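Here's the letter readout for the chains.
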Amino acid sequence: MHLKVEFHNLVTKTHTVMAGTFPVALYHEHEHGFYVERAFVGHPSYRYWKAHILPAQHLQVCQYFTHQGRYPFEFYIDIVQVEREGHVLMVKDLYLDLGIAHGGTLTLMDNHELFEALGAGLMGLEEAFLATRTLHDLINRLGQHENNLERTLQAQGIGLQWDWK
């Protein structure tokens with residue numbers, strides 16, 4: 001088990017994860033956070049990634065594109081904590097994830113990772129509570145909008161645009 005932290009450098013247009021530092025095709029800062037997209041260099045399954053990082057909502061809403069076939073989730077959502085220092089974003093994954101399949105089926109993932117991280121001292125009770133509360137709120141709001149993420153976020157005044165040029 002390891003601490004899951006990513007860094008986005010908005011000036012050098014790089015995304016740093018455990019596997020290394022990768023060039024970003026596009027960053028776009030918007031009213032509710034940041035949009036990012038980049039190729040997955042050398043990844044056996046994924047070829048491209050797009051995401052909206054929504055700091056106030058503690059969400060990183062992702063779309064993955066595979067080499068073959070369609071990714072099983074329309075949206076993959078990481079529960080995160082975001083800090084910004086100048087032109088660098090630090091995105092700390094709080095271990096809980098939610099997949100929204102094409103058609104709206106929800107899949108809660110990685111709750112075992114939350115408890116493992118808590119037990120290993122990689123996060124405290126406040127962060128675990130934040131992650132759990134955020135995920136519960138998201139699932140409840142999704143239920144009010146037939147598990148449609150875009151309508152759920154629009155009800156909060158957040159519109160996601162996926163093609164910035």
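Cut-off values and rules
Residues numbered from 1 in each chain as written. Predicted model: local features only at pLDDT ≥ 70, side-chain atom pairs only at ≥ 80, totals over all residues. Heavy atoms only, no water. Helix = DSSP H or I, 4+ residues; strand = E, 2+ residues; numbered from the N terminus. Rg over C-alpha atoms; globule rule 2.2 N^0.38 Å. Buried < 20%, exposed > 50% of the residue type's maximum accessible area, 1.4 Å probe, protein only. Contact = heavy atoms within 4.5 Å. Salt bridge = Lys/Arg side-chain N within 4 Å of Asp/Glu carboxyl O. Pairing = 2+ DSSP bridges. Phe/Tyr/Trp six-rings, centres within 6.5 Å; stacked < 30°, edge-to-face > 60°. Lys NZ or Arg CZ within 6 Å of the ring centre and 35° of its normal. Core = buried A, V, L, I, M, F, W, Y, C linked by side-chain atoms within 4.5 Å.

Before going further, it helps to examine the overall build of the protein. What the protein contains, in helices and strands, is 3 helices and 10 strands. Scanning the protein from its N terminus toward the C terminus, one meets helices and strands in the order β-β-β-β-β-β-β-β-β-β-α-α-α. Taking 165 residues into account, the globule formula puts the C-alpha radius of gyration at 15 Å, and the protein, at 15 Å, falls close to it. When the backbone C-alpha atoms are referred to their principal axes, the protein occupies close to 35 × 35 × 35 Å. Out of the 165 residues belonging to the protein, those deemed buried represent 45%. When contacts within the protein are restricted to residue pairs at least 6 apart in sequence, those whose partners lie at least 24 apart make up 40%.

Here we come to the pattern of salt bridges. A full pass over the atoms with the stated rule returns 6 salt bridges. When the shortest N-O distance is used, the salt bridge between E29 and R84 registers 2.9 Å. Residue E29 is located in strand β4 (residues 26-30), and its partner R84 is located in strand β8 (residues 73-85); the two are separated by 55 residues in the primary sequence. What makes E29 partly exposed here is its relative accessible area of 47%.

Across 4 bridges, strand β7 (residues 59-66) lies against β8 in antiparallel orientation. Within the sheet, the bridge partner assigned to V61 lies in β8 and is I77. As consecutive antiparallel partners, β7 and β8 are separated by 6 residues, and within that stretch G69 has a phi angle of approximately 75°, a positive value. Sheet analysis places β8 next to strand β9 (residues 88-101), joined by 11 bridges and oriented antiparallel. Paired with V82 across the bridge in β9 is V91.

This brings us to unusual backbone geometry. If you check the backbone angles, K13 has positive phi at about 55° while not being a glycine. Tracing the backbone through its elements, the reader meets K13 in the loop between β1 (5-9) and β2 (14-17). Residue K13 is classed as partly exposed on the basis of its relative accessible area of 34%.

A complete count under the given rule lists 11 aromatic pairs for this structure. Ring centres of Y46 and Y64 lie 5.1 Å apart, and the angle between their planes is 40°; this geometry places the pair in the tilted category. Here the residue Y46 occupies a position in strand β6 (residues 46-54), and Y64 occupies one in strand β7, the gap between them amounting to 18 residues. Residue class for Y46 comes out partly exposed when judged on its relative accessible area of 22%. Plain terms: the ring middles of Y64 and Y76 are 6.1 Å apart, the flat faces sit at 80° to each other, and that makes the pair edge-to-face. One end of the pair, Y64, is in strand β7; the other, Y76, is in strand β8, and 12 residues separate them in sequence. Pairwise contacts between aromatic rings join F40, Y46, W49, Y64, Y71, F73 and Y76 into one cluster. Lying over the aromatic face of F40, R38 brings its terminal NZ or CZ to 4.5 Å of the ring centre.

One finds V61, I77, L149 and L160 to be the most contacted residues of the largest nonpolar core, which totals 27 residues. Going through the elements one at a time, β7, β8, β9, α1 (111-119), α2 (125-144) and α3 (149-154) are the ones with two or more residues in this core. In terms of residues, this core owes the most to one element, α2, which gives 6 residues. In this view, I77 contacts L59, Q60, V61, L96, D97, L98, I100, L138 and L149; residues no more than four positions away in its chain are not counted.

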